[in-house]
Each structure stands twice: as C-alpha cells, then as structure tokens.
Amino acid sequence: MTDERPIPEVYTEAVRRSETCGFARLLGMVVTEIEGGRVRVAMPIAGKENVHGTTHGGAIFAVADHAFGVAANLDGIDQIAISAYIQYFSVPAAGTLEAMAYRVSETEKTSVYAVDVYSGDRRVATFEGVGFKIGVSAKKE
C-alpha cells in the first residue's frame with residue numbers, strides 16, 4: 001500500500017500540527033499523503049507488540065485515531081473526538097501500519113470519519129471516529 005506522494009502546500013499547517021503531537025512522535029507516526037480529503041499516516045510496528053508477540057491493539061487504534069484527527073482538522077476548524085469505534089480483522093504482518101482516513105459525513109457541529117488500517121495490502125482494522133467542532137478557522141472567516 002505504500003507509495004508516498006508529496007503533501008499539497010495547502011495542508012502544510014495541518015501536517016505541521018500533527019508533527020507537534022508528542023504521542024504521535026513517540027510512536028513514530030508520519031503523515032505520508034493527503035489527497036482529495038484523504039489522509040494517510042504510517043507507523044512502524046517494531047516495539048509495539050503485546051504479550052503474544054503480535055502488534056498491540058492499542059497501537060493499531062492509535063494510528064487510526066491519529067489519521068482521523070489529522071483528517072478532521074484539515075479544513076482548519078478545530079475538532080476533537082467525541083466517540084471512536086474500532087473493529088480488528090487480522091494480525092499485522094508487515095513492518096509498518098498505514099491508516100487511511102476520509103470523511104463520511106458532516107454537519108455544522110460534527111463530522112464522521114472512516115479509517116482503514118493496512119498491513120501491506122491486508123486490511124487489519126476499520127475505525128470510525130466522530131468529531132465535534134470546537135473552533136472556527138481563520139480561513140473560513
């Protein structure tokens with residue numbers, strides 16, 4: 001699934017904000033693509049194993065949640081998560097997880113995003129996040 005593309009300049013601020021997230025840095029998350037409102041985030045899985053030697057579900061959730069957060073804040077309107085749900089399908093096999101987030105619906109105050117998490121070409125989880133809009137962008141004023 002990996003084929004990095006340059007990030008469009010219009011999204012530079014969203015990527016910069018994501019890079020200031022200490023938790024995302026701790027886990028090695030990187031925004032690798034933003035195109036057509038879709039956000040792709042990659043995260044190495046080394047060192048994120050559970051007691052069974054497979055990737056911890058919390059790590060899978062974290063990369064999905066981060067992709068959701070970046071996507072929900074692309075337009076410059078600050079949003080926070082008010083709910084999130086994940087469904088796991090299989091154990092990751094590749095050395096990197098990739099989460100692809102995209103908006104499903106939006107109202108004046110909320111938005112819903114879907115995130116697919118991949119290990120190579122295999123989908124290992126799906127995530128749904130609901131965002132609540134807490135701020136208005138200078139871009140929209």
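Quick look at the structure, then.

So, how was this worked out
- Residues numbered from 1 in each chain as written.
- Predicted model: local features only at pLDDT ≥ 70, side-chain atom pairs only at ≥ 80, totals over all residues.
- Heavy atoms only, no water.
- Helix = DSSP H or I, 4+ residues; strand = E, 2+ residues; numbered from the N terminus.
- Buried < 20%, exposed > 50% of the residue type's maximum accessible area, 1.4 Å probe, protein only.
- Contact = heavy atoms within 4.5 Å.
- Areas by Shrake-Rupley, 256 points an atom, 1.4 Å probe, with all protein chains shown as cover.
- Lys, Arg positive; Asp, Glu negative; His and termini not counted.
- Charge placed at Lys NZ, Arg CZ, Asp CG, Glu CD.
- 1 Å grid on protein atoms, 1.4 Å probe; cavity = no way out; pocket = protein on both sides within 12 Å on 5 of 7 lines; lining within 4 Å.
- Points joined across faces, edges and corners; volume = space filled by probe spheres on them.
- Nonpolar A, V, L, I, M, F, W, Y, C, P; charged D, E, K, R; others polar.
- Core = buried A, V, L, I, M, F, W, Y, C linked by side-chain atoms within 4.5 Å.
- Expected span 1.5 Å × (residues − 1).
- Phe/Tyr/Trp six-rings, centres within 6.5 Å; stacked < 30°, edge-to-face > 60°.
- Lys NZ or Arg CZ within 6 Å of the ring centre and 35° of its normal.

1. Remarks on the overall build of the chain
Logical step 1: Across its full length, the chain holds 3 helices and 6 strands.
Logical step 2: For the chain, the N- to C-terminal ordering of α and β elements is α-α-β-β-α-β-β-β-β.
Logical step 3: Taken along its principal axes, the extent of the C-alpha atoms in the chain is 50 × 30 × 25 Å.
Logical step 4: Sorting the 141 residues of the chain into buried and exposed places 41% on the buried side.
Logical step 5: In the chain, the share of contacts with a sequence separation of at least 24, taken over all contacts with a separation of at least 6, comes to 65%.
Logical step 6: Carbon and sulfur atoms make up 53% of the accessible area of the chain, which amounts to about 7600 Å² in all.
Logical step 7: Taking the average location of the 14 positive side-chain charges in the chain and that of its 18 negative ones, the two points are 2 Å from each other.

2. So, empty space enclosed by the protein
Logical step 1: A full pass over the atoms with the stated rule returns 1 cavity of 30 Å³ or more.
Logical step 2: What lines the largest cavity is Ala 71, Ala 72, Leu 74, Asp 75, Ile 77, Gln 79, Arg 103, Glu 106, Tyr 113 and Lys 133.
Logical step 3: Those elements giving two or more residues to the lining of the largest cavity turn out to be α3 (57–72) and β4 (96–106).
Logical step 4: The residue inventory of the lining of the largest cavity, partitioned by class, reads 5 nonpolar, 1 polar and 4 charged.

3. Details of the nonpolar core
Logical step 1: Core analysis: the biggest nonpolar cluster contains 33 residues, and Met 29, Val 39, Val 63, Leu 97, Val 115 and Val 117 have the highest contact counts within it.
Logical step 2: If you list the elements that add at least two residues to this core, you get α1 (12–19), α2 (22–27), β1 (30–35), β2 (38–44), α3, β4, β5 (110–119) and β6 (122–133).
Logical step 3: The leading source of residues in this core is α3, at 10 residues.

4. Here's the deal with α3
Logical step 1: With 16 residues, α3 should cover 22 Å at 1.5 Å per step; its first-to-last C-alpha distance of 22 Å lies within 8% of that length.
Logical step 2: All buried positions along α3 are accounted for by Ala 59, Ile 60, Ala 62, Val 63, Ala 64, His 66, Ala 67, Phe 68, Val 70, Ala 71 and Ala 72.

5. Structural notes on the packing of aromatic side chains
Logical step 1: Inspection of the entire model under this criterion finds 3 aromatic pairs.
Logical step 2: Judged by centre distance (5.2 Å) and plane angle (65°), the rings of Phe 61 and Phe 127 are edge-to-face. In this pair, Phe 61 sits in helix α3 while Phe 127 sits in strand β6, placing the two residues 66 residues apart along the sequence.
Logical step 3: A relative accessible area of 27% places Phe 61 in the partly exposed class.
Logical step 4: Taking the relative accessible area as the measure of exposure, Phe 127 reaches 3% and is therefore buried.
Logical step 5: Considering the side-chain rings of Phe 68 and Phe 127, the 5.8 Å spacing of their centres and the 50° angle between planes classify their relative orientation as tilted. Within this pair, whereas Phe 68 is found in helix α3, its partner Phe 127 is found in strand β6, the two being separated by 59 residues in sequence.
Logical step 6: Among the residues examined, Phe 68 registers a relative accessible area of 3% and is labelled buried.
Logical step 7: The rings of Phe 61, Phe 68, Tyr 113 and Phe 127 are connected pair by pair, giving a single aromatic cluster.
Logical step 8: The ring of Tyr 102 carries Arg 38 above its face, with NZ or CZ at 4.3 Å from the centroid.

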